[in-house]
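Fold and contact review
Below are the chains, spelled out letter by letter.
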Amino acid sequence: MKKTILNLQKTATGYKYSNKTKVISREINASIDEGKLVALLGPNGCGKSTLLRTIAGLQPSLEGTIFINNTKIENLKGKAKAKLLSLVLTDRIEVANLIVRDIVEVGRYPYTGSMGVLQPKDEILINEAIQQCNLEDYSDRMYSELSDGEKQRVMLARALAQDTPLMMLDEPTAHLDLPNRVELMKMLRDLAQEMNKAILLSTHELDLALQWCDTIWLMNTDGYIESGFPEDLVLNDAFAKVFSNDSFYFDKTTGVFKLNRRTYGTVFLTGNNVIKEWTRRALEREGYELIDNEKDATHCVHIQDSKKWLLKNQNKKISCSSIEELLNRINNLNNNVK
Amino acid sequence: MKRNSLLFIIISMGIVLIFLLDLRLGSVAIPMDAIVDLLQGEPIKQSWEYILINFRLPKAITACIVGAGVSITGLQMQTLFRNPLADTSILGVGHGASLGVATFVLAPNILPGLLSTSISNNYWGLIIASIMGAFVVLAIVSSIATWMRDIVSLLIIGVMLGFITGSLVSILQFFSDPETVQSFLIWTFGSLSGTTWTQLQFLIPIVSIGLFASLLLPKSMNAILLGENYAKSVGVSVKTIRITLVVLTGLITGTLTAFVGPIAFLGIAVPHVARLLFKTANHRTLIPATMLLGVLLMLCCDIISQLPGSNTTIPINSVTSILGAPIVIFVIMQNRRKKSIF
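For every chain, the first residue of its written sequence is number 1, and the numbers climb from 1 along that sequence. Think of it this way: whatever chain is written first is A, whatever ligand is written first is 1, and the rest follow in order. Only residues with pLDDT of at least 70 get local features here, since the model is predicted, and only at 80 or more are side-chain atom pairs given and counted; chain-wide, interface and lining totals rely on the full set of residues. In computing side-chain values, all of the structure's heavy atoms are included and hydrogens and water are not.

1. Some thoughts on the overall build of chain A
Selection rule: By the criteria applied, helices consist of DSSP H or I runs no shorter than four residues and strands consist of E runs no shorter than two, each listed in order from the N terminus. The size measure is the radius of gyration over C-alpha atoms, and the globule rule it meets is 2.2 Å times the number of residues to the 0.38 power. Only protein chains enter the accessibility calculation, which uses a 1.4 Å probe. A residue is then buried if its area is under 20% of the maximum for its type, exposed if over 50%, and partly exposed in between. Contact between two residues is taken to exist if any of their heavy atoms lie within 4.5 Å; hydrogens are not considered. Accessible areas in this description were obtained via Shrake-Rupley with a 1.4 Å probe; residue shielding takes into account the shown protein chains only. The sign given to each residue is positive for Lys and Arg and negative for Asp and Glu; His and the chain ends receive no count. Here the site of a charge means atom NZ of a Lys, CZ of an Arg, CG of an Asp or CD of a Glu.
Counting its regular elements, chain A contains 11 helices and 17 strands. Computed over its C-alpha atoms, the radius of gyration of chain A comes to 26 Å, more than 25% above the 20 Å expected for a compact globule of 338 residues. When each of the 338 residues of chain A is scored for burial, the buried share is 50%. Within chain A, contacts between residues at least 6 apart in sequence are counted, and of these 63% link residues at least 24 apart. With an accessible surface of roughly 16,900 Å², chain A has 46% of that area assigned to carbon and sulfur atoms. A distance of 4 Å separates the average location of the 44 positive side-chain charges in chain A from that of its 45 negative side-chain charges.

Structure representation (structure tokens):
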């Protein structure tokens, strides 16, 4: 049986001011087992960062208990907590003149004495962390000269060097481009599985979370959390409830958001599967609805081999050589009808 | 790593060389052989020995202590406030210490009930007054800094506090008798040559304690360099290190100001020179590098202030300002370009 690393019981987060208490989220019951990658997902401003900060002990919880490795975190002080939990935050590091290794070294601070002198074991763990984050060639480079993706990997290596059962990352993919995002998520997934860590990351990027995470903690705008397998949350409409509004909706079949737009017409589409898929995307973006019935459709499009689109509208037949041409033709026909 | 070790050796040798040069230069030229002989305990010409032992040696030792002390407090302020332009003179800490001294020297004039003291015979009183003054300003600046992170605003507040303390000193002077005011004014010019062996008996141990304690802080200072949250996340108590830095800075600045007067700009400039030379912001290197470079630069400033070959001495504060201010301008301009601190 897997060991539970993080356990939240009836936790409430928020801010306490002298005269009033502002509750951000309440009644959070959730846990993470070792070896699991969990995404905390929710719209902007729902309290993801507040929850992470509360778990990290950077701000006190209002109610409930948080256990890491069966230890109440309120009872832990500085170093002891730092041996259970490491962080990657959104805080920018503005310091020039620090090399990558200097920063990764900081991860070993909970284990060193008051002078911070590194033992051979610390050096080994630092080297391992640098290797695992593909930073071997960077360890003597200045942190300030790295790209955003590389910087994020440095902070991950720092957290890794801290050698904790639980790792938390606040929006780690926020400033990264797609290849870097995918690389980071893959790295996190490998780390969770190979090193048996529990990793919790907050994000608002649904597709990444759906693709890479074992469990999703879905937080709605009121700060309540629904926890479950990504696929279950899709099928039970949890995503739809949290993210949808008047202008777009969550499409269960594809797992992406679609805009609610008025339709200009209906299209019956036949032909090669790959080209059909991309043609469908273009048509839907332009506001056409795809239907399965040829008779009711305003337009019929047949995809021929050799990348040709044959557009049939009542009695006309037009051959198009690109999706762009096809859509221009359809739009023209539509305008003429109006 | 090798490059930095070499730099440390070069700087240390430079210090020895400039220290000897500082002993040699002055209104009376003393040959190097005589200086080396004296340092080895061999007898030399009596007038030379008198000059060296009573004037030049205390002055050069003071320069070393002031250089290391002012520079390290500059580094501590810069790391504490995460502000590349922080320094005890800019943040008004030195002015606070001056106000402490002014209150101590001039207050008995205004409030006749108080026991009259003079600078020359109550060193403990002078030091404590100066340290208290430094602490008051540091406490104000630190409490403001906790809710105002903007680099420039903090500096403006420091400058304003400097104005306030300056005005308070002027008011004190206005109500005091001319003689006390004169002795106070001479003190404000800041001079390394005024220190005697008696004063060094206070200066050396107190500042050395501060310097030694500063050498023990690289870990915590590196941690707060990454920001408060990261420091907390690796188990470094941000509160403790903040208080430690404030206490050390107050202690060193207060003591130095009590005997030497305010020294401007060296505190900002030296840590930046150290970062540029050693190409690191890691405090393990930076703390000793800043101290040694501070010693070296202060000895150079001392030599310049005597205008080699002439009998006049220009105030040390002016020399450090002329050397330090351009470095500050350079840092501001670089900062604009790179958008990063340190």
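2. Overview of the packing of aromatic side chains
All names here are of chain B. Test applied: In this analysis, rings of Phe, Tyr and Trp, with Trp reduced to its six-membered ring, are considered paired at centre separations within 6.5 Å, and the interplanar angle assigns stacked below 30 degrees, edge-to-face beyond 60, and tilted for intermediate values.
This structure, assessed with the given rule, holds seven aromatic pairs over all chains. With 4.8 Å between their ring centres and 45° between their planes, Phe8 and Phe278 make a pair best called tilted. Highlighted residues: Phe8 in helix H1 (residues 2-24) and Phe278 in helix H12 (residues 266-278), separated in sequence by 270 residues. The exposure class of Phe278 is buried, given its relative accessible area of 2%.

3. Observations concerning the sheet that holds strand E4 (residues 63-68) of chain A
Residue and element names in this part refer to chain A. Our working rule: DSSP bridges decide pairing: two strands pair if at least two such bridges lie between them.
Spatial ordering of the open sheet is given by E2-E1-E4-E5, a layout of four strands whose pairing is antiparallel. Looking along the sheet, the strands with just one partner apiece sit at the ends: strand E2 (21-33) and strand E5 (71-72). Pairing between strand E1 (residues 4-16) and E4: five bridges, direction antiparallel. Pairing of Gln9 across the sheet is with Thr65, part of E4.

4. A few points about helix H2 (residues 32-39) of chain B
Residue and element names in this part refer to chain B. Operational definition: Directions are taken from the helix axis to each C-beta atom, and the arc is the one they span.
Along H2, the positions that sit buried rather than exposed are Ala34, Ile35 and Leu38. Around the axis of H2, the buried residues are gathered within 100° of arc, so they sit on the same side. In the segment just after H2, Gly41 is the residue with positive phi, at about 85°.

5. Let's talk about the domain arrangement of chain A
One widely used convention gives an interface's size as the accessible area the parts lose upon coming together. Put simply, the rule reads: Domains are outlined according to an automatic or database domain assignment.
Each domain of chain A was delimited in the assignment, giving domain 1 (4-244) and domain 2 (265-336). A C-alpha centroid distance of 46 Å is found between domain 1 of chain A and domain 2 of chain A.

6. Focus: a nonpolar patch on the surface
The condition is simple: Patch membership requires over 30% relative accessible area and the absence of a salt bridge. Like charges are linked within 9 Å, and nonpolar side chains (Val, Leu, Ile, Met, Phe, Trp, Tyr) within 5 Å. Any Lys or Arg side-chain nitrogen located within 4 Å of an Asp or Glu carboxyl oxygen qualifies as a salt bridge.
Taken together, B:Val152, B:Ile156, B:Val159, B:Met160 and B:Phe163 make up a surface patch of nonpolar side chains, about 460 Å² in accessible area. Structurally, the position occupied by B:Phe163 is in helix H6 (residues 151-174).

7. Here we look at the sheet that holds strand E13 (residues 265-270) of chain A
All names here are of chain A. Convention followed: Axis definition: a line fitted to C-alpha atoms, limited for helices to the stretch in contact. Angles are taken between N-to-C directions and run from 0 to 180 degrees.
Judged by pairing direction, the sheet is mixed, and its five strands sit side by side in the order E14-E13-E15-E16-E17 without closing on themselves. Each having just a single partner strand, strand E14 (288-290) and strand E17 (316-320) make up the two edges of the open sheet. Recorded for the sheet is a direction-independent mean angle of 30° between the axes of neighbouring strands. When E13 meets strand E15 (residues 299-304), the two strands line up parallel, connected through four bridges. Within E15, the position partnered with Phe268 by the bridge is Cys300.

8. A word on the packing of H2(B) against helix H3 (residues 46-80) of chain B
Residues and elements named next belong to chain B. Rules: The labels follow the angle: roughly parallel below 35 degrees, roughly antiparallel above 145, roughly perpendicular from 65 to 115, and oblique for the rest. Helix crossings are classified by the rotation of the near helix relative to the far one: an anticlockwise turn of less than a right angle makes the crossing left-handed, while a clockwise turn makes it right-handed. Each residue gets one of three labels, nonpolar for Ala, Val, Leu, Ile, Met, Phe, Trp, Tyr, Cys and Pro, charged for Asp, Glu, Lys and Arg, and polar for the others, Gly among them.
Here H2 crosses H3 at 65°, and the two axes come no closer than 11 Å. If you check the angle between H2 and H3, you find them roughly perpendicular. Crossing of H2 against H3: the hand is right-handed. Across from Ala34, Ile35 and Leu38 in H2, the residues of H3 making contact are Trp48, Glu49, Leu52 and Ile53. Across the contact of H2 with H3, the residue classes tally to six nonpolar, no polar and one charged.

9. Focus: the environment of A:Val100
Relative to the helices and strands, A:Val100 resides in helix H3 (residues 100-106). Excluding residues within four positions of it along the chain, A:Val100 makes contact with A:Tyr138, A:Ser139, A:Arg141, A:Tyr143, A:Leu146 and A:Val154.

10. Considering the interface of chain B and chain A
The cut-off we apply is this: Two parts placed together each lose some accessible area under a 1.4 Å probe, and the buried area is that loss summed for both. N or O atoms closer than or at 3.5 Å make up a polar contact, with two conditions inside protein: a donor-capable atom paired with an acceptor-capable one, and, for residues adjacent in sequence, both atoms drawn from side chains.
Across the contact, 27 residues belong to chain B and 32 residues belong to chain A. The largest contributions to the chain B side of the interface with chain A come from B:Lys219, B:Leu226 and B:Tyr230, which together make up 30% of the buried area. Linking chain B with chain A are zero salt bridges, by the criterion used here. Where chain B packs against chain A, one counts 11 residue pairs in polar contact (both at pLDDT 80 or more). Residue assignment for the side of chain B that touches chain A shows that the elements contributing at least two residues are helix H9 (218-225) and helix H10 (228-233) of chain B. Each residue belonging to the side of chain B that touches chain A can be placed in one class, and the counts come to 12 nonpolar, seven polar and eight charged.

11. Digging into the UniProt feature "domain: ABC transporter" (unreviewed entry) in chain A
Formally: UniProt positions are given in the numbering used here, feature names are shortened, and annotations may be inferred rather than shown by experiment.
Under the local residue numbering, the UniProt record ascribes the feature "domain: ABC transporter" (unreviewed entry) to residues 6-246 of chain A. Secondary structure within residues 6-246 of chain A divides into 35% helix and 25% strand; the distance between the first and last C-alpha atoms comes to 37 Å.

12. Focus: the side chain of A:Lys48
All names here are of chain A. Tracing the chain through its elements places Lys48 in helix H1 (residues 48-55). For Lys48, which is buried and forms no salt bridge, the nearest opposite charge comes from Glu171, at a distance of 4.0 Å. From its side chain, Lys48 meets the backbone oxygen of Gly42 in a polar contact 2.8 Å long. Not counting residues within four places of it along the chain, the set of residues in contact with Lys48 comprises Leu40, Leu41, Gly42, Pro43, Glu171, Ser202, Thr203, His204 and Met219.

13. What to know about the confidence of the model for chain B
All names here are of chain B. The following threshold applies: On a range of 0 to 100, pLDDT expresses the predictor's confidence in each residue.
The share of residues in chain B with pLDDT of 70 or more is 92%, and the mean pLDDT across the chain is 85. Model confidence for chain B, summarised as mean pLDDT per element, is weakest for helix H7 (residues 178-188) at 76 and strongest for helix H13 (residues 283-305) at 93. Taken over the whole predicted complex, pTM reads 0.83, whereas the ipTM for its chain interfaces reads 0.80.

14. Regarding the nonpolar core
This is how the line gets drawn: To qualify as a nonpolar core, a set must consist of buried Ala, Val, Leu, Ile, Met, Phe, Trp, Tyr and Cys residues joined through side-chain atoms within 4.5 Å.
Counting 188 residues, the largest nonpolar core has A:Leu6, A:Ile55, A:Leu200, A:Trp217 and A:Phe239 as the members making the most contacts within it. In terms of residue count, the dominant contributor to this core is H3(B) (14 residues). What A:Phe239 contacts, discounting residues up to four positions off in sequence, is A:Leu41, A:Leu206, A:Leu210, A:Ile216, A:Leu218, A:Pro230, A:Leu233, A:Val234, A:Ser244 and A:Phe250. Counting 16 residues, the second-largest nonpolar core is a separate cluster that includes A:Ile275, A:Ile318, A:Cys320 and A:Ile330.

15. Regarding the pairing of E4(A)
Residue and element names in this part refer to chain A. Pairing geometry for E4 and E5, over two bridges, is antiparallel. Residue pairing in the sheet places Ile68 in a bridge with Thr71 of E5. In sequence, E4 turns back onto E5 through a hairpin of two residues, with Asn69 there showing a positive phi of about 50°.

16. So, the pattern of salt bridges
Residues and elements named next belong to chain A. Inspection of every chain in the model, using the stated rule, returns 13 salt bridges over all chains. Here Glu205 ties to Arg181 by a salt bridge, and the two come within 2.3 Å at their closest N and O atoms. Highlighted residues: Glu205 in the loop between strand E8 (198-203) and helix H7 (206-212) and Arg181 in helix H6 (residues 178-195), separated in sequence by 24 residues. Across the pair Asp214 and Arg189 runs a salt bridge, and its minimum N-O distance is 3.3 Å. Linking Asp214 in the loop between H7 and strand E9 (215-219) with Arg189 in helix H6, this pair joins segments that are 25 residues apart in sequence.

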